[in-house]
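# Structure at a glance
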Amino acid sequence: MSEGPDPGREPALLAVRDLAVRLPAGADRPFAIAGIGFEVARRETLCIVGETGSGKSVTAHAVMGLLPPTLAVTAGSIRFEGEEIRGAPAAAMRRLRGRRIGMIFQEASAALNPVRTIGDQVAEIIRAHERLPAEEVERRVLAGLAEVNLPDPRALAGSFPFRLSGGQQQRVMIAIALALAPALLIADEPTTALDVTTQAQILRLIGELQARRAMAVLFVTHDLGVVAEIADRIVVMRHGRIVEAGTADRILNAPAEDYTRRLIAAVPRFGGARPAPPARPPALAAAGLTKTFAGHAAGLFRRRPPVAALAGVSLAVAEGETLGIVGESGSGKSTLARCLMRLTPLDGGRFTIHGVPFSDLAAPALRHERHRIQMVFQDPYASLNPRQRVATIVTTGLAVQGVPAAEARRRAAEMLALVGLDPSAMERFPHEFSGGQRQRIAIARALVLEPQVLIADEAVSSLDVSVQAQVLALFAAIRDRLRLALIFITHDLLVAAQICDRVLVMRAGRVVEEGPAGEVFAAPRHPYTQALVAAIPGRDWLARDPTHSPARPRPE
Amino acid sequence: MSRLSYIGERLFRSVFVIFLIMVASFFLIRLAPGDIVDFLMEGGSPDPEYVAALRRSLGIDRPLWEQFLRYAGGLLSLDLGYSFRMQEPVLDIVLARMPATLLLAASVLAFALVSGVALGIVAARSLGRWQDSAVTALSLLGYATPNFWLGLMIVLLFAVWLDILPPFGMTSIGMGYTGLAHAGDVAAHLVLPTIALGTHYMGVFARITRATMIDVADMDFVKAARAKGITEAQVVWRHVFRNAMLAVVTYTGVQAGHLVSGTVLIETVFSWPGVGRLAYDSIASRDHPLLLGTFLVTSVLVILINLATDIVYTFVDPRIEVKG
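It should be emphasised that the depicted structure is a prediction, and the values quoted were computed from it without experimental measurement.

Our next topic: the interface of chain B and chain A. Contacts between the two partners involve 24 residues from chain B and, on the opposite side, 32 residues from chain A. A combined buried area of about 2,500 Å² lies between chain B and chain A, and 59% of that area is made up of carbon and sulfur atoms. Counting across the interface, chain B meets chain A through two salt bridges. For the salt bridge of Glu124 of chain A with Lys228 of chain B, the shortest nitrogen-to-oxygen distance reads 2.9 Å.

Right, let's talk about the domain arrangement of chain A for a bit. Residue and element names in this part refer to chain A. Its domain assignment divides chain A into domain 1 (42–57 + 89–266) and domain 2 (304–541). Taking only C-alpha atoms into account, the centre of domain 1 sits 33 Å from that of domain 2. Across the boundary between the two partners, domain 1 contributes 20 residues, which contact 15 residues of domain 2. Where domain 1 abuts domain 2, roughly 1,500 Å² becomes buried across the two surfaces, and 58% of that area is made up of carbon and sulfur atoms. In terms of surface lost to domain 2, no three residues of domain 1 exceed Glu51, Asp195 and Val196, which account for 34% of the buried area on that side. Put simply, domain 1 and domain 2 have zero salt bridges between them.

Below, the discussion takes up the sheet that holds strand S12 (residues 307–318) of chain A. Residues and elements named next belong to chain A. Strand order in the open sheet formed by three strands is S12-S11-S14, and the pairing between neighbours is antiparallel. Each of the sheet's edge strands pairs with one partner strand only, and the pair in question is S12 and strand S14 (348–353). When strand polarity is set aside, the average angle formed by the axes of neighbouring strands in this sheet is 10°. Relative to S14, strand S11 (residues 282–293) runs antiparallel, the two being bridged by five bridges. By the bridge assignment for S14, Ala285 is matched with Thr352. Most of the contacts of helix H12 (residues 333–340) go to S11, to which it runs at about 115°, and overall it touches S11, S12 and S14.

Residue and element names in this part refer to chain A. Buried residues dominate strand S2 (residues 31–40), accounting for eight of its 10 residues. Direction of pairing for strand S1 (residues 14–22) relative to S2: antiparallel, over a ladder of seven bridges. Looking across to S2, one finds that Leu19 is bridged to Ile36.

This paragraph deals with the confidence of the model for chain A. Residue and element names in this part refer to chain A. Summarising the model, chain A shows a mean pLDDT of 88, and 93% of its residues fall at 70 or more. Under a pLDDT of 50 for its full length, residues 1–5 has, in the predicted model, 12 contacts with residues more than four places off or in other chains. Across residues 548–556 the pLDDT falls below 50, and counting only partners more than four positions away or on other chains, this stretch makes 17 contacts in the model.

We now examine a nonpolar patch on the surface. Residues and elements named next belong to chain B. A contiguous nonpolar surface patch, about 1,100 Å² in accessible area, is contributed by Phe148, Trp149, Leu152, Met153, Leu156, Leu157, Val160, Trp161, Leu162, Ile164 and Leu265. Here the nonpolar patch takes eight residues from helix H7 (residues 147–161), the largest share from any one element. Here Leu265 falls in the partly exposed class, since its relative accessible area comes to 41%.

To continue, consider the packing of helix H14 (residues 390–400) of chain A against helix H15 (residues 405–418) of chain A. All names here are of chain A. For the pair H14 and H15, interaxial distance at closest approach is 9 Å and the crossing angle is 115°. H15 is crossed by H14, and the crossing has right-handed handedness. Across from Val390, Ala391, Val394, Thr395 and Leu398 in H14, the residues of H15 making contact are Ala408, Arg409, Arg411, Ala412 and Leu416. Grouping the constituent residues of the contact of H14 with H15 by class yields seven nonpolar, one polar and two charged.

Residues and elements named next belong to chain A. Taking strand neighbours across the sheet as the criterion, the four strands line up as S2-S1-S4-S5 in an open arrangement whose pairing is antiparallel. Each edge of the sheet is formed by a strand with only one pairing partner; in this case those strands are S2 and strand S5 (83–84). The pairing of S1 with strand S4 (residues 72–80) spans seven bridges and is classified as antiparallel. Its bridge partner being in S4, Val21 is matched across the sheet by Val73.

The rules behind the values
- Residues numbered from 1 in each chain as written.
- Chains lettered and ligands numbered in written order.
- Predicted model: local features only at pLDDT ≥ 70, side-chain atom pairs only at ≥ 80, totals over all residues.
- Heavy atoms only, no water.
- Contact = heavy atoms within 4.5 Å.
- Buried area = accessible area lost by both parts, 1.4 Å probe.
- Salt bridge = Lys/Arg side-chain N within 4 Å of Asp/Glu carboxyl O.
- Domains from an automatic or database assignment.
- Pairing = 2+ DSSP bridges.
- Helix = DSSP H or I, 4+ residues; strand = E, 2+ residues; numbered from the N terminus.
- Axes fitted to C-alpha atoms, helices over the stretch in contact; angles between N-to-C directions.
- Buried < 20%, exposed > 50% of the residue type's maximum accessible area, 1.4 Å probe, protein only.
- pLDDT = per-residue confidence, 0-100.
- Patch = residues over 30% accessible without salt bridge, like charges linked within 9 Å, V, L, I, M, F, W, Y side chains within 5 Å.
- Areas by Shrake-Rupley, 256 points an atom, 1.4 Å probe, with all protein chains shown as cover.
- Left-handed = near helix turned anticlockwise from the far one by under 90°.
- Nonpolar A, V, L, I, M, F, W, Y, C, P; charged D, E, K, R; others polar.

Shown next as structure tokens:
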């Protein structure tokens, strides 16, 4: 589907028509993108939004002429500044890339060459397109780093990427992409890997530079909140086709297509929390947990000070209750999870699970009691052994507990049914499942041991929003049915608001705020919580969205 | 921690490694039947009293633990013992042979690195085309061919049939070359042993280079480099090759020990007057102090090469933090 030309607008900077990209043989569908068309006007922000496999990134890379050799553009036209660039000679594309079209990527840490200095990498793009004396290149490198608000550009230019934080690395990428003042910036999920407050800063920076440079932005994202924050116009993609396209206001507030409506409805938002469950005895109670990591070397002559990952954390979670642990990277939430699992030794503090002094158990007793607390990890692609069948994955824990094989298989099958998987899953391997299904297998693996406490560490963070909603619903259903105490660790405040009864807000190893989820997010008291809530992208839109009903997400 | 104190600490720890090697090889060697006196008396019908006196004078009639303590004590003052067969202190003999082995090893490494990395780059840049298949086949052949057999074959081809390269030794006997002529003579003698031993490592380095170049070419920063509009040659050289070399440097260190042991065989095949040849001769003659001496000196050498690799690594990869 293509948009018709709009007589009221000036000629488009970028015009894509009927673009098709073929997938290699053996893929799940013949085309990565099948005949899409859209335009980007000068100075505007066009967001391409879609879930995994929608073809949104392929579209961005096709415009840049950077598709991998296995993907071929088979039809259509890409006109940039009035010129056809599809199939343009390599030298012509090279002159365009960097100079007229800049690009930033999802993982800035991976997009910077680890063995070259920051200054070198910024200078490279300038030297590729302009013959300038070395001092002038240096002056422009420093000016570019200063423009993206990086502190001490001179020192920074001499350092290597790994010394920078994720937000700083993305700022460097922006400085590189904008070094030659391109007319179009292509941004492929540039804030997905960042903390929410850093994300807000990067989005603000892109907006400021866009206004100053009169630049157009083609922004690829899965996050409708981000879209609501920045888009002038929106293209919604699914399975390589455009579902609908239009102004941001129209798509977000009056979507015409059912798919768009479902996508919007699946976005978690405040106000989804259920009424407080009746008070029950605590399943897990922890007091004064501390853990300090020795500082690693920070160069040849320095050593960083030790990091207090947990600086006296106390918490309690009752049967059938969900406790949310929220905070940004480095706040200590994952260390807390690993310490509660007894995967990382605590430095101090104690905790009990249903009265059992779990933190004090020695090795043989610990192995016997491990079934009491189980964990679901973030990445379902990394947390399941690819060489084991699902039956083995789910029954190994039972075998360790001494359950006979036949009995273990029976219970595994039951548990797979409970998480919504077909019994035939038992004999299959993890790669045969989608991300959401894999996470169900991981949940089954945890639950088959009949734990009293289940820790979900960012367990829905890597899932598409519609799948995320389903897995959240599954967690809630299982919690209620098995009266589990659920500890839900997430960086995503909206997800926490959706599923948690109470939340702890952590920062630098300390709990800065604690309370019922609804209260904490509606009226945060601590400045840090206030900053987190304020940084949620698209919160104004989320708050007023009329299409959303506060009902729990539908099951699959 | 500074780079210097890092090196100091590594060296200090190496002392223990060398001590363990010394203990193990001392006792392992003695497990084999026979000693130097048996070797010297071989074929004759010696007077038993003379044999006993000889053993006594060499100290090898004492209990093993006592011999060990005396040997270990000598090591503290860098005394590696005395070779009765060569009539010289072991350390002097081994050190005199060391330059030849180092020259051969350096030559093999240079040949293998340059040709292997070049082949690997060609293969990675022409992925799936005939050049790639050719390099892959060649490297498989290279590291699957036994080096002594390859050595004999190339001697046959270049020295016997074509008669363009000297087959054995390190210098032409009786020519009395000096200066440049001498260097040229040694270089000509180096060619065949270098190819014989280096072909294996060439294959290994070609495969490693090819594999890491392909891996690195897939990384985001290479895509980001292309997005800058730099030329393909710049993308490959500055971004892909530079990062792929990290794996090659690591692997060079790993291969160093292997390479030194590989010289034993090749030095024997080519009568190269190095430590490897010396070790072979001392096994044959049950010259235990000399054999132990070659073990110890080559162990030290391998440890030093590994240390050098690690130090080089801290320069080529800025992310490596020097730590204890």
